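Read off the chains here:
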Amino acid sequence: MAEPTLMMKQYLEIKEQYSDAILFFRLGDFYEMFYDDAKVASEILNIALTGKNCGQEERAPMCGVPYHSVEPYIAKLIAAGLKVAICEQTEAPQKGKKLVDREVVRLITPGTILDGDFLASKTTNYMCCIFKDTGGAGITFCEVSTGDIMTTSFIYGNETLNIIDELARFAPVEIIINIDGYEDAELKKYIDEKTEARLELCNDAYFLPENAEALISSHFKDMNDELNQYSACATGALLSYILQTQQMDPQHIRNLEVYESAQYMGLDQSARRNLEIV
Amino acid sequence: MRDKRKTHSLFWVLDDTKTAMGSRILKNWLLRPLLNCAKINHRLNAVASFKGDNIARDNVREVLCYISDLERAISRIVMGSANPRDLVKMRESIKWLPRLKKELEFFDAPLIKEISDFDELYDIYDILVRGIVEDPPLAMRDGKIIQKGYNEELDRLRVIRDKGTGAMAEVENAERERTGIKNLKVKYNKVFGYYIEISNMYKDRVPDDYIRKQTITTGERYITQRLKEIEDEVLGAAEKIAALEYKLFGEIRDILASQVDRIQRTARCVATVDALCALAEVAYKNNYTYPVVDMSDSIEISGGRHPVVEKVLRGSLFVPNDTSINTSDRRLTILTGPNMAGKSTYMRQAALIIIMAQIGSFVPCDSCKIGVVDKVFTRVGASDDLAAGQSTFMVEMSEVAGILKNATGKSLLILDEIGRGTSTYDGLSIAWAVLEYCAQKIKAKTLFATHYHELTALEGKMDGVVNNSIAVKKRNDDIIFLRKIVQGGADESYGIEVAKLAGVPDKITKRAKEILEGIESEGTQIRVISNGRRIQKDASAQIGFDAFAGNEIVEELKKIDPNVLTPIEALGKLFELSKKAKEGV
């Protein structure tokens, strides 16, 4: 097989790091998608699938959208439950240099959308992070577009049902959960069948208490004492996820509300559905 | 985009907010009704205050119309994705804050006083007025963003650029005079910059110091030394201006970002004002009343209406009803009456009124007193789990199990047709046992709708159990729903009359009546006549389809999987079967 071109080599290197996202690869005035990304995106976006000669035997499937009106295309892919990685040219083209540097500057997911064009103004857009093991569970909800963040935890048994009730309450558009938590059959069934949320399954390394504590004390002053370990792990993981996708410190997320579900009227999922509250 | 707002929800009725922030906070209240009496009354008190003065409230709401989504704007500013228009929206919103504060002075409820004490963000407004022009473009890199007078260097560069543009006009005039070419023009394009264009007609008059750059069909393009000098100055300045404006815009954005705390706090106050005003507005328009909310154990609603159904019916046709539940002599209400008469509406109405009261909203009734409810449970016939492969009865029972496990004496239980999913006597026994458990063990406030009239015998025998029914007027074989809840159990279920009302053919309802009379006169022994065979069965067992074995219609029924049929397909199948049955008679 022939060698891919320099540009395609760069693409493949970056794509490898973001294999779970549709990679928007900036080429001049366009964001281009290649291979499977192109096939998936051209279908959803209803745009032409073409090909690009990239030095290989066969032309690489390709589709693209103009950079100046990229928002509606991203919104469509997000609405279809996908994650989009925006890769920009991070230097101006120079004479004598064949390839400009490119870097992913932002990941867009249903829960981390900020732009007004993507978001219905009167709709809440919560994302949430669940950390659950055999001893208990913590859940943190955050609306990245407004900075609202709140967390609660359950350690007296019944965690699965309690978590499900909280999910029914806030109807998040994106759920981050640790692998052990997702192995809970009842919770998995609820998330898979009753929510339309995008799921991000994370391994335990994402939820390390040390990391969580460090992140929380740097981001929310003096909050560690008020959080139990489950809430801390869920909140810490959520913060890392936002940092990682936005590549920017979310300074507007600053008032962490610690709540207990017993402060509010208990309405389980079937009551919410039957009574048609929101 | 992605606006999945549901109509006909409680939120749909209550959301009369003017800002997106207010709408979101109101939704948040609905997601989390309060249990703390003091907090509930704090809100109710504010709503009452807003409701008390229509003119002053209108003034507040008018100001709110001019305030845009500060919460999401500041988020975008912090995350570096705000454009110049976002800053303008923020400026135009902040402009109205002092006016809003002034309009709020008319109200003296403590909560309104609290949230009126917001930071008017004068300094931020000042920066935005001094820094950003009236109507900047969406793009950040093309300049025209920063206001004159904000930055000396920028003003200086702009003078150079503008002078340059003037100088070009001077060059044009001077060269016309020098060469005598009347249609000589100084033009600009991105490739060559500034140049002089001479049409073919005057080509021979071009002076020697012109340097030819390009030939086009209609003429020639030239530059001169002087033109080049001015061009360097103008373009240099323009480039510097764009870069400097971008930098200054970034600086202003950073200044705002550093004040995120203050802006968020003010935004939250505005949102709360909006949500409270909306509740007052809705209360006024829909004729809601102030609920008395306390820690007592009773719920007394007089003349209650269903907030959503009333809205859909536009008020006039809705029949109000009373609800009275407590933890002593009226713990559990057994509700009987025909289907379609309004049992479910009545029970949901009680739950919705309680939820409204506990978010601090006025409620649709003549008067009411609500002892705070800690949880609301509902068990209403659900069908959406059928597709998931669980049988209806299984779903019903697992929901009942959950309710019995989690309900407390402070909870409200709405149980609709418990036991319907299984055979008559199994169902009756389960309903009876559940009812006993709710009334005697959990002692929860319960509304219990049932088809089993046998249960009405429990009134007077079991503590706290009372009978209510929905009034129905019978005229010959027809019935009229009065939708009024009355004391006492229903005498019969009118199932056959309802079937008739729903359009089931006369032939079938007549036959049903015959069977019913047969069952009633012969007690528990029933006879099933089919294909000329006579089978006797004990009534405690389900009548098996075996009795009809060999019957073509039954065989066909067995083949149907209702889970995979669409409603249209189901209806088609029913027509087909009905036709066959008629032909068979």
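Only a predicted model underlies this, so the values are computations on that prediction, with no experimental measurement involved.

Calculation criteria
- Residues numbered from 1 in each chain as written.
- Chains lettered and ligands numbered in written order.
- Predicted model: local features only at pLDDT ≥ 70, side-chain atom pairs only at ≥ 80, totals over all residues.
- Heavy atoms only, no water.
- Buried < 20%, exposed > 50% of the residue type's maximum accessible area, 1.4 Å probe, protein only.
- Helix = DSSP H or I, 4+ residues; strand = E, 2+ residues; numbered from the N terminus.
- Pairing = 2+ DSSP bridges.
- Axes fitted to C-alpha atoms, helices over the stretch in contact; angles between N-to-C directions.
- Patch = residues over 30% accessible without salt bridge, like charges linked within 9 Å, V, L, I, M, F, W, Y side chains within 5 Å.
- Areas by Shrake-Rupley, 256 points an atom, 1.4 Å probe, with all protein chains shown as cover.
- Salt bridge = Lys/Arg side-chain N within 4 Å of Asp/Glu carboxyl O.
- Lys, Arg positive; Asp, Glu negative; His and termini not counted.
- Charge placed at Lys NZ, Arg CZ, Asp CG, Glu CD.
- Domains from an automatic or database assignment.
- Contact = heavy atoms within 4.5 Å.
- Buried area = accessible area lost by both parts, 1.4 Å probe.
- Polar contact = N/O pair within 3.5 Å; in protein donor to acceptor, adjacent residues only side chain to side chain.
- Nonpolar A, V, L, I, M, F, W, Y, C, P; charged D, E, K, R; others polar.

Student: Break down the pairing of strand β8 (residues 332-336) of chain B for me, citing the residues and quoting the values.
Tutor: Residues and elements named next belong to chain B. Among the five residues in β8, five count as buried, and that is most of the element. Every second residue of β8 is oriented toward a common face, with L332, I334 and T336 on one face and T333 and L335 on the other, all of them buried. Here four bridges tie β8 to strand β12 (residues 445-449), and the two strands are oriented parallel to one another. When the sheet's bridge partners are listed, I334 is paired in β12 with F448.

Student: Talk me through the sheet that holds strand β9 (residues 148-154) of chain A; I want residue IDs and the actual numbers.
Tutor: Sheet strands pair by backbone hydrogen bonding; their relative direction is either parallel or antiparallel. Residues and elements named next belong to chain A. Overall, mixed pairing links the six strands, which are arranged β11-β10-β7-β8-β9-β12 in an open sheet. Since the sheet does not close on itself, it has two edges, and those belong to β11 (198-202) and β12 (256-258), each with one partner. If you compare each strand with its neighbour and ignore which way they point, the axes differ by 20 degrees on average. As judged from the five bridges shared by strand β10 (residues 174-178) and β11, these two strands associate in the parallel manner. Note on β11: the bridge partner recorded for N178 is C202.

Student: Mind laying out a negative patch on the surface, listing which residues take part and the relevant values?
Tutor: Where like charges cluster on the molecular surface, the negative patch consists of E210(A), E213(A), D222(A), D225(A) and E226(A). Counting through the fold element by element, D225(A) comes out in the loop between α7 (209-219) and α8 (229-246).

Student: Help me get a handle on the domain arrangement of chain A, residues and values and all.
Tutor: Residue and element names in this part refer to chain A. You can read the domains of chain A as domain 1 (6-108) and domain 2 (127-274). Placing a centre on the C-alpha atoms of domain 1 and another on those of domain 2 gives a separation of 32 Å. Across the contact, nine residues belong to domain 1 and seven residues belong to domain 2. For the pair domain 1 and domain 2, the summed buried surface comes to about 590 Å²; carbon and sulfur atoms form 35% of the total. Its largest share of buried area at the contact with domain 2, domain 1 owes to K83, R106 and L107, together 60% of the area lost on that side. The interface formed by domain 1 and domain 2 holds one salt bridge in total. A salt bridge links K83 to E200; the shortest N-O distance between them is 3.3 Å. The interface formed by domain 1 and domain 2 contains three residue pairs in polar contact (both at pLDDT 80 or more). For the side of domain 1 that touches domain 2, the class distribution of residues is five nonpolar, one polar and three charged.

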